[in-house]
Amino acid sequence: MTEKLVIIGAGMASGRMIEHLVEAAPDAFDITLFNAEPRGNYNRIMLSPVLAGDKTYREIVTHDEDWYAQHGVTCRFGEPVVAIDRDMKVVEGAHGHVPYDKLVVATGSIPFMIPLPGRDLEGVIAYRDLEDTQRMMSMGAGNRVVVIGGGLLGLEAAAGMAARGVDVTVVHIMGHLMERQLDEAAGYLLKKSLEAKGITVKLQANSKEILGQDGHVRALLLDDGTELPCDLLVMAVGIRPNVALAQEAGLAVGKGIHVDDQMITSDADVMAVGECVEHQGALFGLVAPLYDQAKVAAQTLLGQETAFRQKTLSTKLKVTGCDLFSAGDFADGETREDIVFRDPARGVYKRLVIEDDRLIGAVMYGDTADSNWFFGLIQSGESIDEMRDTLIFGPAFQGGSSVDPLSAVAALPPEAEICGCNGICKSTITEAIEGGAGDLAAVRATTKASASCGTCTGLVEQLLQVTLGDAFRVPAAQPICGCCDLTHEDVRRLIKSQALKSQEAVWQELGWKTRNGCHVCRPAVNFYLLADWPLEYQDDPQSRFVNERKHANIQKDGTFSVVPRMWGGITNPTELRAIADAADKYNVPTVKVTGGQRIDLLGVKGEDLPYIWADLNKAGLVSGHAYSKGLRTVKTCVGTDHCRFGTQDSTGLGIKLEQVLWGSWTPHKVKLAVSGCPRNCAEATCKDVGIICVDSGYQVGVAGAAGMDVKQTERLADVPTEEEAIDLTVAFIQLYRENAKYLDRPYKWVAKVGLDWVKARVVDDLEERARLIAAFELSQSIYRKDPWAEHAKEADRYQTLADLTLEAAE
Amino acid sequence: MSWIDLGPVTDIPVRGARTLKTALGCVAVFRTAEDEVFALTDRCPHKGGPLSEGIVHGQSVTCPLHNWVFDLNTGVAKGEDATVETFAVRVEAGRVLIDASRLAGRSAA
Ligand code: SRM
Ligand SMILES: Cc1cc2nc3c(=O)[nH]c(=O)nc-3n(C[C@H](O)[C@H](O)[C@H](O)COP(=O)(O)OP(=O)(O)OC[C@H]3O[C@@H](n4cnc5c(N)ncnc54)[C@H](O)[C@@H]3O)c2cc1C
Ligand code: SF4
Ligand code: FES
């Protein structure tokens, strides 16, 4: 006897279920299919190609009227079900009742709308159905659209509209796109590809309010005050299972409608499939598991034994030119190992995650040709021990080929600047090489590249090798560390010429072999980025050694030292009292006068740091940066104020210099001194910059040393005014910041580039001097501030996370 | 196992660590760039450096005092014949959970 089967929702899950049913037992059921949308089943996931103009709606319809007629399905499209009466076993549609023997709820999900003020304005839509798609398709060149949400749906919407010439901005709250499917590296590449399509991507952007005009959306307002004008606003921030109907009918509902392994709800005659269900705590948002559910549901209806099992899922993005793949678990868990492969030339990134000799996760960008093979390995869980070394190269790997260390340089575009001093780009050099310049000397002679400061030598040599192949052998240059094949100088140059403004950009474009560097390269890269892009790059404390991260020197027993600044070595009774009080209050074991003309409080406990800083701040004392690769002290002597030999106000100049320079980050620490006369009581002749005052003005010396090496300063210039002495000092330090290798003190760097090269820029070329000073000031607009005051506000961070000794006592 | 909730994972800086006081000394809880968490004794076997203050890279941490590098999974120091103890921790629904029975178990031993 035919049973009456009623299905609520003509979506992808129920569509597949009906197919299985009519195929296996055409006459078993008398089917009634309700759908809120005024149409039957179509392939919802293909709405994106429809939006992009690659397909038409007709092409994505899975079941048309003929098909329903042929299989005797009664269609009630455009008619939402408003209630289920389980006692009477009747479904109440908007236009009348239908009784059932078996009921299947397949209501899918509802797009989540962030409850922002203005979300009810006309022109604020989600991305779920054909109506939404058509609304977006009505946009064209000249229209502006903002998409909130940088996940799968939001990006497909953005790319589809961008393909129609719409000016699209994606606003995403997280630090990288598709963070649930991709790691940072792949997210970086995806962003780059989307930007190449003309889409603006705003990360870490928090939406605050939707602004309207005459009831229609006008702009999106962000937390930081930015207004993004738009004609349409698409919210694609997630979905919630559509459970209202089931809930009102009294079915067991958590986040979704509870179903067992047979897709049966808490009522034996009611089943549920699709995104509206919750199975063993899991929700669903991709079709692969829904198709499994559809099959199980059909089998259950037909009385066959069966069970739904959750499987590992994989994701792809349907945007042309954005080839990505992600599967399995690449985030949580212990005892796992990574294999990373990057090919900057092709914009390829692959990462495999291995645990117990099994592949458990994979993320790929740029080349996903082998993704199915990797996905198979994840699903089968077979041992990959035998092929571990070559696994990442995919199934076709035959042994032999290895990663090319030159690929980063080979990938550079022809116009990439290689030699900054002489403004020589890559193509000029490769043309010279092709024209017969076969070695470094010849390239230097014909193009001048690497003939000035010489720091781009490594890059020029690599170009020789890329162009000439085995005919040229690069003298072995020291890479920064095992994470990459490039020297410090090469990395610095490429960060500038390729405008790399984030750590992820450096890792990917320069072919890093590890996920996020190591303790050797990461602090260096962090410095290079902040020195070159002070406004765009945000300093990363987690890439700094403990001293700079904690703004205090760690000591052998794990306590810290606190050294407040004493400008030019000058202090007063209030400051001294504050220091004495702090020493008392925090039981500081040792108070010492340093070699840098100030007072050191040694042995302070880590958790007390924010509080001692706050106390010192109250007396006007700020961080002395005794821990930083940055400006340390400016030693001074008493000069004309008191000394009978003083020629200029050496104390005053020292204070001015310290006030201009403090807070700046430099490749290594920088120490200055100003002496009032050649007797040199401030020991200025062995400093990074040392100034000796004389009757006629100021002798500015640079590149001295008095640490592991001892070396006298070299004379940069003699200048008549204090102002010029300050200008030369600032310009010299900025040139050092822009060019030196991380952890080279100025004397080491000057030895490499030559004092003449420095003089040409700092002393002779007035335009360049002005540029250097302006660049320094720009950077200082961000860094000239007291880090102690900032950190004192976050005292929590300095405390332990929890005290389990208390728990244990209970 | 007895899991204790240490609070939201966001309380630990990404590529950083926070410490726990236990009856048996400090334990460092690390969070990597990929939001994995690990827990190790916060004391370097070399000269007692606080590992929680080290630079976290990949699934390793470098001791802040003399740069020994430890695998966060196993506690083994790279190239050294030394290991620090590790403890079971996991993230569930954004919260960090640590297995306290082991911490207690160690005290009994
Ligand atoms: C506190 C102080 C010694 C003192 O009691 O006087 C000191 C203490 C340290 N010095 Fe120094 N240096 C101190 C003046 C000097 C001087 C003399 C000077 O500045 O007039 C020098 C020689 C000049 C120079 O800078 O080269 C000096 C050359 C060094 C060096 C070798 C640098 C080099 O390039 O050769 C290091 C190691 C390094 O920086 O890599 C160093 C490193 C250190 C560190 C930070 C070691 C460390 O990494 O933990 C010490 C921190 C101790 C602590 O726990 O706080 N310290 N150090 C002095 C602080 C001055 C200040 O007020 O900021
Ligand atoms: C633009 C877009 C792109 C996507 N791309 C992919 C992809 O690439 N890969 C992938 O795996 N997944 C993708 N998805 C997700 C996939 O489409 C869904 O997982 C799938 O459609 C869910 O199927 P379902 O049957 O549970 O729900 P749906 O397909 O949403 O069907 C539910 C139907 O029930 C109807 N309904 C709801 N309530 C009632 C009611 N009370 N009465 C009557 N009818 C009702 C709704 O109108 C709807 O038509 C995409 C989704 C969208 C929107
Ligand atoms: S000379 Fe400097 S680095 Fe050496 S022990 Fe003394 S303070 Fe420490
Ligand atoms: S104390 Fe850790 S390396 Fe020395």
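Note that the structure is a prediction, hence the values are computed from the model and not measured.

Chemist: Account for the site of ligand 1, with residues named and values stated.
Modeler: Residues and elements named next belong to chain A. Around ligand 1, a shell composed of 19 residues is seen, among which Thr594, Gly595, Lys669, Lys671 and Met708 lie nearest. Within the contact set of ligand 1, an oxygen atom lies 2.8 Å away from a side-chain nitrogen or oxygen of glutamine 555. One of the side-chain nitrogen or oxygen atoms of lysine 671 is found 2.7 Å away from an oxygen atom of ligand 1.

Chemist: Pulling in residues and values, what's your account of the state of the cysteines?
Modeler: Residues and elements named next belong to chain A. Per the counting criterion, the structure on display carries zero disulfides over all chains. Here cysteine 481 is not disulfide-linked; the sulfur of cysteine 521 is the nearest cysteine sulfur, at 3.6 Å. Since its relative accessible area comes to 13%, cysteine 481 is described here as buried.

Chemist: Please set out helix α1 (residues 12-24) of chain A residue by residue, giving values where relevant.
Modeler: Residue and element names in this part refer to chain A. For α1, which comprises 13 residues, the first-to-last C-alpha distance of 19 Å matches the rise-based estimate of 18 Å (1.5 Å per residue) to within 8%. Regarding α1, the residues found buried are Met12, Ala13, Ser14, Gly15, Met17, Ile18, Leu21 and Val22. Buried residues belonging to α1 abut β1 (3-8), β2 (29-35), α4 (65-70), β7 (102-105) and α9 (287-301).

Chemist: Give a detailed account of unusual backbone geometry, specifying residues and quantitative values.
Modeler: Of note, Gln597(A) is a non-glycine position whose phi angle comes to about 65°, a positive value. With respect to the element layout, Gln597(A) can be found in the loop between β30 (590-593) and β31 (599-604). For Gln597(A), a relative accessible area of 26% puts it in the partly exposed group. Although it is not a glycine, Asn67(B) sits at a positive phi angle of roughly 65°. Within the secondary structure, Asn67(B) is located in the loop between β6 (60-62) and β7 (69-71).

Chemist: Could you give me a rundown of the site of ligand 2, with the residues and numbers involved?
Modeler: Residue and element names in this part refer to chain A. Ligand 2 sits among 29 residues. The nearest are Ala13, Arg128, Glu275, Val287 and Lys318. In the model, an oxygen atom of ligand 2 is placed 2.8 Å from a nitrogen or oxygen of the glutamate 37 side chain. Measuring from an oxygen atom of ligand 2, one finds a side-chain N or O atom of glutamate 275 at 2.5 Å. When ligand 2 sits alone it has 1000 Å² of accessible area, and the protein chains cover 91% of it. Every element with two or more residues in the shell around ligand 2 is listed here: α1, α6 (152-163) and α9. Class assignment of the residues belonging to the shell around ligand 2 gives a composition of 14 nonpolar, nine polar and six charged.

Chemist: Describe the interface of chain B and chain A, listing the residues and the values that go with them.
Modeler: Contacts between the two partners involve 43 residues from chain B, matched on the other side by 41 residues from chain A. On the chain B side of the contact with chain A, Arg15(B), Glu34(B) and Ile55(B) bury the most area, a combined 21% of that side's loss. Notably, a salt bridge pairs Arg549(A) with Glu53(B), separated by 3.8 Å at the nearest N-O pair. At the junction of chain B and chain A, the tally comes to 17 residue pairs in polar contact (both at pLDDT 80 or more). Going through the elements one at a time, β1 (3-8), β2 (16-22), β4 (37-41), β5 (55-57) and β9 (89-92) of chain B are the ones with two or more residues in the side of chain B that touches chain A. Broken down by element, the residue count for the side of chain B that touches chain A peaks at six residues, all from β2(B). Of the residues contributing to the side of chain B that touches chain A, the split by class is 21 nonpolar, 13 polar and nine charged.

Chemist: Which residues make up the pattern of salt bridges, and what are the values?
Modeler: Evaluation of the coordinates by the stated rule reveals 52 salt bridges over all chains. A salt bridge links Glu36(B) to Arg515(A); the nearest nitrogen and oxygen atoms lie 3.2 Å apart. Separated into two different chains, Glu36(B) in the loop between β3 (25-31) and β4 and Arg515(A) in the loop between α16 (503-509) and α17 (521-532) make up a pair that spans both. Between Arg745(A) and Asp688(A) there is a salt bridge; the shortest N-O distance is 3.0 Å. Placement of Arg745(A) in the loop between α22 (722-739) and α23 (746-753) and of Asp688(A) in the loop between β33 (670-675) and β34 (689-694) is noted, with a sequence separation of 57 residues between them. Put simply, Asp183(A), Asp338(A), Arg351(A), Arg515(A), Glu34(B) and Glu36(B) are held in one network by salt bridges that share partners.

Chemist: Explain the nonpolar core to me, and be specific about the residues and the numbers.
Modeler: Residues and elements named next belong to chain A. Formed by 93 residues in total, the largest nonpolar core has its most connected members in Met161, Leu190 and Trp512. For this core, the element with the highest residue contribution is α17, accounting for eight residues. The residues contacting methionine 161, other than those within four sequence positions of it, are Leu51, Met136, Val145, Val147, Val166, Val168 and Val234. Residues Val6, Leu21, Val105 and Met263 belong to the second largest nonpolar core, which totals 49 residues.

Chemist: So what's going on with the packing of helix α24 (residues 755-764) of chain A against helix α25 (residues 766-783) of chain A? Which residues, and what values?
Modeler: Residue and element names in this part refer to chain A. Put simply, α24 and α25 touch, their axes get as near as 6 Å, and they point 85° apart. Here α24 lies roughly perpendicular to α25, going by the angle between them. Taken together, the residues of α25 that come into contact with α24 (itself represented by Arg761, Val762, Val763 and Asp764) are Leu766, Glu768, Arg769 and Leu772. Tallied by class, the residues present in the contact of α24 with α25 amount to four nonpolar, no polar and four charged.

Chemist: Help me get a handle on the sheet that holds strand β6 (residues 96-99) of chain A, residues and values and all.
Modeler: Residues and elements named next belong to chain A. Taken in spatial order, the three strands of this open sheet run β4-β5-β6, and their pairing is antiparallel. Only two strands of the sheet have a single partner each, and these edge strands are β4 (81-85) and β6. When strand polarity is set aside, the average angle formed by the axes of neighbouring strands in this sheet is 20°. Here strand β5 (residues 90-93) pairs with β6 via four bridges, running antiparallel. The residue of β6 that forms the bridge with valine 91 is valine 98.

About the cut-offs
Residues numbered from 1 in each chain as written. Chains lettered and ligands numbered in written order. Predicted model: local features only at pLDDT ≥ 70, side-chain atom pairs only at ≥ 80, totals over all residues. Heavy atoms only, no water. Near = heavy atom within 4 Å. Polar contact = N/O pair within 3.5 Å; in protein donor to acceptor, adjacent residues only side chain to side chain. Disulfide = S-S within 2.5 Å. Buried < 20%, exposed > 50% of the residue type's maximum accessible area, 1.4 Å probe, protein only. Helix = DSSP H or I, 4+ residues; strand = E, 2+ residues; numbered from the N terminus. Expected span 1.5 Å × (residues − 1). Contact = heavy atoms within 4.5 Å. Areas by Shrake-Rupley, 256 points an atom, 1.4 Å probe, with all protein chains shown as cover. Nonpolar A, V, L, I, M, F, W, Y, C, P; charged D, E, K, R; others polar. Buried area = accessible area lost by both parts, 1.4 Å probe. Salt bridge = Lys/Arg side-chain N within 4 Å of Asp/Glu carboxyl O. Core = buried A, V, L, I, M, F, W, Y, C linked by side-chain atoms within 4.5 Å. Axes fitted to C-alpha atoms, helices over the stretch in contact; angles between N-to-C directions. Parallel < 35°, antiparallel > 145°, perpendicular 65-115°, else oblique. Pairing = 2+ DSSP bridges.

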